[in-house]
Amino acid sequence: MKLRKSHSTSEDAVLDMTPMIDMTFQLIAFFMFTLNFSNDLLDERVRLPLADSATPTTQSPQSPIYINMSRDGMVYLLGGESADPQADASTIRRHLAVEAQLAKVNMKVAGVDPTAGLWTTIVIRADDNAPYGSVQKVIQIAQQTGFTKFWLRATKSQ
Amino acid sequence: MKFRKTGSSESKVSLEMTPMIDVVFQLLIFFMFTFKIVTVEGEFAITMPAAEQGSAAPTSENITALPDIQVRLSASPTGELAGIQVGDNQMQSLEQLAQTLKEIVGDDPQLASDVEMQIVAPDHLKYGFVVGTINAAAKVRIQKIKFNPPGS
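Structure report, in brief. It should be emphasised that the depicted structure is a prediction, and the values quoted were computed from it without experimental measurement. (Residues numbered from 1 in each chain as written. Chains lettered and ligands numbered in written order. Predicted model: local features only at pLDDT ≥ 70, side-chain atom pairs only at ≥ 80, totals over all residues. Heavy atoms only, no water.)

1. Some words on the overall build of chain B
The condition is simple: Secondary structure elements are defined from DSSP: runs of H or I of at least 4 residues count as helices, runs of E of at least 2 residues count as strands, and each element is numbered from the N terminus. Any two residues whose heavy atoms approach within 4.5 Å at even a single point are treated as in contact. Each accessible area is a Shrake-Rupley result for a 1.4 Å probe, and residues are judged covered by the shown protein chains and nothing else.
For chain B, the helix and strand inventory stands at five helices and six strands. Along the chain direction, N to C, the helices and strands of chain B fall in the order α-α-β-β-β-β-α-α-β-α-β. Counting contacts in chain B only where the partners sit at least 6 residues apart, residues at least 24 apart contribute 68% of the total. Only carbon and sulfur atoms are counted for the fraction: they give 58% of the accessible area of chain B, which is about 10,100 Å².

Set out below in structure tokens:
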């Protein structure tokens, strides 16, 4: 006890905080800048197909609707619902019809003629193993509700 | 000079570090846990207007100068790719398909943007192979891609 006390009084242990705080701020800055909220609509359960010429375009899609499809061909809808486009087309049709209606109103407000085609881009994120028929079905439903622009998502590498 | 010296010696400014470091660590931990490595996603932009009624069967009037390239894919019962056919030619792989498409289109970007490719595939084929086919077409800059209607 005595030894320790004399030791602390004789040489006051000063921890230099500066390098640690510098480093911590660096880390915070890094994590802050890499944080992005834009990918909230992307479903991580979906494993995208590989395609080396799928280039990420620099411009973001016009008022996109994301359609995530699982490996068994189920479409994930907002609110945690999922629907099979083959068996339950009406649910997806109803969702897309609402979106189409909304897009028409928005286009009218913006002064764009909606009869030439809706400006909405349907971004399809289907799993590598999803059956092709289900993807086709979703595209067909979207076409019937008035959408014409489609983006098929793929990754360049895993 | 003298004034400053006396000022610093009489009351040493000690910055209380503890609360700041607490907050900084809180922030650090927050950002660390929300950190997510985002893989870069590419896309194929395809414009597919709904087919008008009655235009499905090509007649002598609406046949365009360029014939469609029709790529037929077949699938094994498990959904794996079993065969690729362009017109009457069997392809062994998607690489060979890309090569064939390159021979058809050549280096002409005008031709590549005019030519229309149709993909015909069974419903149970895995979607990844269809994307592979689109990928082969995208390599030679074919932009017009059509799918067969489902169930056909």
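From this point, things continue past the structure.
2. Regarding the sheet that holds strand β4 (residues 121–126) of chain A
We apply this condition: Pairing between two strands is assigned when DSSP locates at least 2 bridges connecting them. To obtain each axis, a line is fitted to C-alpha atoms, and for helices this fit is confined to the stretch in contact; angles are then taken between N-to-C directions over 0 to 180 degrees.
In spatial order, the strands read β3(A)-β2(A)-β1(A)-β4(A)-β5(A)-β1(B); together these six strands make up an open sheet with mixed pairing. Looking at strand neighbours, the two that pair on one side only are β3 (82–83) of chain A together with β1 (41–47) of chain B, the edges of this open sheet. As paired strands, β4 of chain A and strand β5 (residues 149–155) of chain A are joined by four bridges and run parallel to one another. Pairing of Thr121 of chain A across the sheet is with Lys149 of chain A, part of β5 of chain A. On the sheet, helix α5 (residues 127–139) of chain B packs against β4 and β5 of chain A together with β1 of chain B and is oriented at approximately 75° with respect to β1 of chain B.

3. A look at the pattern of salt bridges
Under the convention used in this document: Salt bridges, as used here, are contacts in which a Lys or Arg side-chain nitrogen is within 4 Å of a carboxyl oxygen on Asp or Glu. Note on exposure labels: buried denotes an accessible area under 20% of the residue type's maximum, exposed denotes more than 50%, and partly exposed covers the range between, all computed with a 1.4 Å probe on protein chains only.
Summed over all chains, the structure comprises five salt bridges over all chains. Between Asp128 of chain A and Arg47 of chain A there is a salt bridge whose closest N-O contact spans 3.7 Å. Pair noted here: Asp128 of chain A is in the loop between β4 and α4 (132–144) and Arg47 of chain A is in the loop between α2 (18–34) and β1 (65–69), with a separation of 81 residues, a long-range link. Since its relative accessible area comes to 39%, Arg47 of chain A is described here as partly exposed. Between Asp52 of chain A and Lys139 of chain B there is a salt bridge whose closest N-O contact spans 3.9 Å. Here Asp52 of chain A, found in the loop between α2 and β1, pairs with Lys139 of chain B, found in helix α5, and the two come from separate chains.

4. Digging into the interface of chain B and chain A
Using the following cut-off: Each of two parts loses accessible area, computed with a 1.4 Å probe, when they are put together; buried area is these two losses added.
Between chain B and chain A, the contact holds 44 residues from the first and 53 residues from the second. With both chains or domains summed, chain B and chain A bury close to 4,100 Å², and 66% of this area falls on carbon and sulfur atoms. Looking at the side of chain B facing chain A, the largest losses of area belong to Glu41, Glu43 and Tyr127 of chain B, adding up to 20% of the total buried there. Where chain B meets chain A, there are two salt bridges.

5. Regarding the sheet that holds strand β6 (residues 144–147) of chain B
Residues and elements named next belong to chain B. Taken together, the five strands give an open sheet; going across it, the order is β4-β3-β2-β5-β6, and neighbouring strands pair in mixed fashion. Each edge of the sheet is formed by a strand with only one pairing partner; in this case those strands are β4 (89–91) and β6. Across the sheet, the axes of successive neighbouring strands diverge by a mean angle of 25°, strand direction being ignored. Examined bridge by bridge, strand β5 (residues 116–120) and β6 share four bridges and lie parallel to one another. Within β6, the position partnered with Met117 by the bridge is Ile145. Strand contacts of α5: β2 (69–75), β3 (81–86), β5 and β6, with the helix running at about 165° to β5, the strand carrying the most contacts.

6. Examining the pairing of β5 of chain B
All names here are of chain B. Defined as follows: Viewed with both strands pointing away, a crossover whose connecting path from the first strand over the helix to the second turns clockwise is right-handed.
Among the five residues of β5, four are classified as buried, and the element is accordingly described as predominantly covered. Here β2 runs beside β5; their pairing, made up of four bridges, is parallel. Counterpart to Gln70 in the pairing with β5 is Gln118. Each parallel crossover has a hand, and for β5 linked through α5 to β6 it is right-handed.

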